[in-house]
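The lines below spell out each chain.
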Amino acid sequence: MIELKNVYAGYSGSPVLQDISVTFPKGKVTVIVGPNGCGKSTLLKSIIRINPHTSGSILAEGTDISQLTAQELARQVTYMAQNRQIPAITAMQMTLHGRFPYLSYPRRYRPQDREIAENCLKQLGILDLKNVSMSTMSGGQRQKVYIAMALAQDTPVVLMDEPTTFLDVSHQLQTMKQARIMANCGKTVVMVLHDLPLAMQTADYLAVMDKGNLVQFGTPEAVFQSGQLDRIFGITLCRFQTANGWKYYCF
């Protein structure tokens, strides 16, 4: 679980997040939505101290993150950044990076670390890419490797910033399916998405942000009924009933 209490944060003295109080629950997928520049990524970065908050408190599994060492925080929270460099290392080497928080200096992988990494690649159906360089992979393949690395880190909280960017529809759905699997295993999964229909169809909860403020936190049904997304984005969010539940679209 992640809990924010009256959190303010920004860059170079300029405020971005303003008095954010919210709890991201265990075993659920929470999606943060809002216009560009509203503070979605800043919120995630504040949780892992890339962009420290200026006031308020952030608790990871009940402990204030300011009281945790970098290694302790990395054992609590996994963060998948939106923009990543493409390293010229294999999928196995990349996945093993998720084991760093559990290693002492100098980092020497143990047999169990390699076993965990291999199982994560297998779980995502990419064990055949084990010895393939990340630089030669497709965007969808690389994304699966990053998810494998997140699984190998084995934290109770997983943060994902725009995990479906640049992916085709099939890989977007696979990414969301994996997020659901992690939540069903009891993890707190929080992600930033720009695709409103995808967010509405897959989230347990939505955190709706605008101009640095949290304007609503609730189920997709509650958010839809409120009309907040229509107001904030200047769109009309519509839906129709199918055998598999509501399907959403915008115009």
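Computed from a predicted model, the values in this text were never measured in an experiment.

How each quantity is defined
- Residues numbered from 1 in each chain as written.
- Predicted model: local features only at pLDDT ≥ 70, side-chain atom pairs only at ≥ 80, totals over all residues.
- Heavy atoms only, no water.
- Axes fitted to C-alpha atoms, helices over the stretch in contact; angles between N-to-C directions.
- Helix = DSSP H or I, 4+ residues; strand = E, 2+ residues; numbered from the N terminus.
- Parallel < 35°, antiparallel > 145°, perpendicular 65-115°, else oblique.
- Contact = heavy atoms within 4.5 Å.
- Nonpolar A, V, L, I, M, F, W, Y, C, P; charged D, E, K, R; others polar.
- Pairing = 2+ DSSP bridges.
- Phe/Tyr/Trp six-rings, centres within 6.5 Å; stacked < 30°, edge-to-face > 60°.
- Buried < 20%, exposed > 50% of the residue type's maximum accessible area, 1.4 Å probe, protein only.
- Lys NZ or Arg CZ within 6 Å of the ring centre and 35° of its normal.

What follows concerns the packing of helix H5 (residues 139–153) against helix H6 (residues 169–184). It is at 10 Å that the axes of H5 and H6 come closest, and there the two elements cross at 10 degrees. It follows from the interaxial angle that H5 and H6 lie roughly parallel. Along its contact with H5, which presents Gly 140, Gln 143, Lys 144, Ile 147 and Leu 151, the element H6 presents His 171, Gln 174, Thr 175, Gln 178 and Met 182. Looking at side-chain class alone, the contact of H5 with H6 contains three nonpolar, six polar and one charged residues.

Residue position: Leu 17 is located in strand E2 (residues 14–24). Residues Leu 17 and Asn 6, spaced eleven residues apart in sequence, show a C-alpha to C-alpha distance of 9.6 Å. Beyond its immediate sequence surroundings of up to four residues, Leu 17 is in contact with Val 7, Tyr 8, Ala 9, Gly 39, Thr 42, Leu 43, Ser 46, Met 209 and Gly 212.

So, about the sheet that holds strand E6 (residues 77–80). In spatial order, the strands read E6-E7-E8-E3-E9-E10; together these six strands make up an open sheet with mixed pairing. Each edge of the open sheet is held by one strand with a lone partner, namely E6 and strand E10 (213–218). Along the sheet, successive strands turn relative to each other by an average axial angle of 15 degrees, direction set aside.

Inspection of every chain in the model, using the stated rule, returns five aromatic pairs. Measuring from centroid to centroid gives 6.2 Å for Phe 240 and Tyr 249, while their planes differ by 45 degrees, and the two rings are tilted. Of the residues examined, Phe 240 reaches a relative accessible area of 44% and is grouped as partly exposed. Judged by relative accessible area, which is 37%, Tyr 249 ranks as partly exposed. By the ring-pair criterion, three or more aromatic residues cluster together here, those being Phe 24, Tyr 205 and Phe 217. Directly above the ring of Trp 246 sits Arg 239, whose terminal nitrogen or CZ lies 3.8 Å from the centroid.

Further remarks concern the environment of Asp 19. Take Asp 19: it is sitting in strand E2. Accessibility expressed as a relative area gives 39% for Asp 19, which makes it partly exposed. For the pair Asp 19 and Leu 4, spaced 15 residues apart in sequence, the C-alpha to C-alpha distance is 9.2 Å. With residues up to four places along the chain from it excluded, the contact list for Asp 19 reads Asn 6, Val 7 and Tyr 8.

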